[in-house]
Amino acid sequence: MFYTGRDSAQFLAQTEYIDTAIVPLIPVHVTKETMQMGASQADYILSLANALENQFKGRVVAFPSFSYVSGQSKEQLLVDWKSAFAASPFKHILFLTGDSEWNQLDGSIFWTATIPLDSMEPKMRGKILEDQVRQLIPRIAEKWNSPS
Amino acid sequence: MSNNKVTRRQFLSYTLTGVGGFMAAGMLMPMVRFAIDPVLQKKDGGDFVTTDVAVADITEEPTRVDFTFEQVDAWYTSEVTNTAWVYKSGDSIVALSPICKHLGCTVNWAGDAEYPDQFFCPCHEGRYEKNGKNVPGTPPLGPLDVFEVRESADGLLEIGMAVPNNLV
């Protein structure tokens, strides 16, 4: 499911099955030196979020990404997001990011190494994303099975 | 010179008729083309999509086959990639849709180590037998859809529309 009007209606009718929120965390880099790397990383994380949504359509809602610039307090952002979701029907939140500064901050952060997809053919892209999703399935299933 | 000399008057009228004829034809041709256009439209071959998998290579083990087709939404055309689980059953080829009948996740063959010969949906642990029949007691309420299949002239697998499961 996506965070759209139509999907939300279905989500609200099925909260016992759809219990996981995916929120991509995207760092925005705008200097001459870092922009290309940052954009490529964002592209990968967003593609991965879409691929995960496709795999787990009936259990997750993929939210619009959260973008931030450097210098914002990640601890505070995390507290804000978590307290917002604490009041929601979601049982699990999964923050998907390639930004290593989030790593180890919290158990709900899903850090993944990013792969530059820019110069790949669409077919290759699909294949890579499919493999990555397959590797993430056990990690996500483990999260679902652990009480939180 | 010969007797049938072309007079200046005749020459001018021939030239004018010729040029006028070309202009009239230039205007009429596109109009005629537009008028009979529906007849000339190319028919799509029954919406079958050719994959890059040879029918001879398909085994009894379900394998993932991706196929891409162009989807037209109003005037926006996009490429859509779909997946099917394809295997051989006796002499016929079966292509199952990977969309779980519960809430639309993607099912995987042998996705659960405890059930190596079933399709498994990781979202809510739904299971399907090899022919797509849903395992009672798991969340899905119906069998997986099947795709229409056929073999192309050069031996490649072609996948068509998804239809309700007729194997169960």
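Residues numbered from 1 in each chain as written. Chains lettered and ligands numbered in written order. Predicted model: local features only at pLDDT ≥ 70, side-chain atom pairs only at ≥ 80, totals over all residues.

> I would appreciate a short explanation of the overall build of chain B in the present structure.
Looking only at helices and strands, chain B has two helices and nine strands in total. Judged by the C-alpha coordinates and their principal axes, chain B covers about 105 × 35 × 20 Å. Across the 168 residues that make up chain B, the buried fraction comes to 22%. Relative to all contacts within chain B whose residues are 6 or more apart in sequence, the contacts with residues 24 or more apart total 42%. (Helix = DSSP H or I, 4+ residues; strand = E, 2+ residues; numbered from the N terminus. Buried ≥ 20, exposed ≤ 12 C-beta atoms within 10 Å, placed from the backbone. Contact = placed C-beta atoms within 7 Å.)

> It is not clear to me how the overall build of chain A should be interpreted in this structure. Could you clarify?
A tally of helices and strands in chain A yields four helices and five strands. Written out in order from the N terminus, the α and β elements of chain A read α-β-α-β-β-α-β-β-α. Over its C-alpha atoms chain A spans a radius of gyration of 15 Å, differing by no more than 12% from the 15 Å that the globule rule assigns to 148 residues. Dimensions of chain A along its principal axes, counting C-alpha atoms only, are 45 × 40 × 30 Å. Put simply, chain A has 148 residues, and 26% of those count as buried. Considering only contacts in chain A between residues 6 or more positions apart, those separated by 24 or more positions represent 70%. (Rg over C-alpha atoms; globule rule 2.2 N^0.38 Å.)

> Would you mind going over the sheet that holds strand β7 (residues 126–128) of chain B with me for this structure?
For sheets, the rule is that strands pair by backbone hydrogen bonds, running either parallel or antiparallel. Residue and element names in this part refer to chain B. Spatial strand order, β5-β6-β7: three strands in an open sheet with antiparallel pairing. A single partner strand is all that each edge strand has here, and the edge strands are β5 (108–109) and β7. Across two bridges, the pairing between β5 and strand β6 (residues 119–121) is antiparallel. Its bridge partner being in β6, Asn108 is matched across the sheet by Phe120. (Pairing = 2+ DSSP bridges.)

> It is not clear to me how the interface of chain A and chain B should be interpreted in this structure. Could you clarify?
Interface size is often expressed as the accessible area that is lost when the parts come together. Of the residues lining the interface, 11 residues belong to chain A; the matching set on chain B comes to 11 residues. Going through the elements one at a time, α2 (35–55) and α4 (122–145) of chain A are the ones with two or more residues in the side of chain A that touches chain B. With three residues, α4 of chain A is the largest single contributor of residues to the side of chain A that touches chain B. Residues of the side of chain A that touches chain B, tallied by class, amount to four nonpolar, five polar and two charged. (Nonpolar A, V, L, I, M, F, W, Y, C, P; charged D, E, K, R; others polar.)

> Can you walk me through the UniProt feature "domain: Rieske" (unreviewed entry) in chain B in this structure?
Per the UniProt annotation, the sites labelled "domain: Rieske" (unreviewed entry) are residues 84–158 of chain B. Helix and strand shares over residues 84–158 of chain B are 0% and 37% respectively, and the end C-alpha atoms of the span are 11 Å apart. (UniProt positions renumbered as here; feature names shortened; annotations may be inferred.)

> Sorry if this is basic, but what is going on with the nonpolar core here?
A general feature of soluble globular proteins is that nonpolar side chains tend to end up buried together. One finds Ile22, Leu48, Val61 and Leu96 of chain A together with Ala84 and Ala95 of chain B to be the most contacted residues of the largest nonpolar core, which totals 48 residues. At seven residues, the largest contribution of residues to this core is made by α2 of chain A. Excluding residues within four positions of it along the chain, Val61 of chain A makes contact with Met1, Tyr3, Phe11, Ile18 and Ala21 of chain A. (Core = buried A, V, L, I, M, F, W, Y, C linked by C-beta atoms within 7 Å.)

> I keep staring at unusual backbone geometry and nothing clicks. Help me out?
Most peptide bonds are trans, and most residues other than glycine sit at a negative phi. Residues and elements named next belong to chain B. A positive phi angle is found at Ala110, which is not glycine, with a value near 55°. Residue position: Ala110 is located in the loop between β5 and β6. A residue is classified by how many C-beta atoms lie within 10 Å of it, and Ala110, with 13 of them, is partly exposed. One non-glycine residue, Glu125, lies in the positive phi region at around 60°. The partly exposed category is assigned to Glu125, around which 15 C-beta atoms lie within 10 Å.

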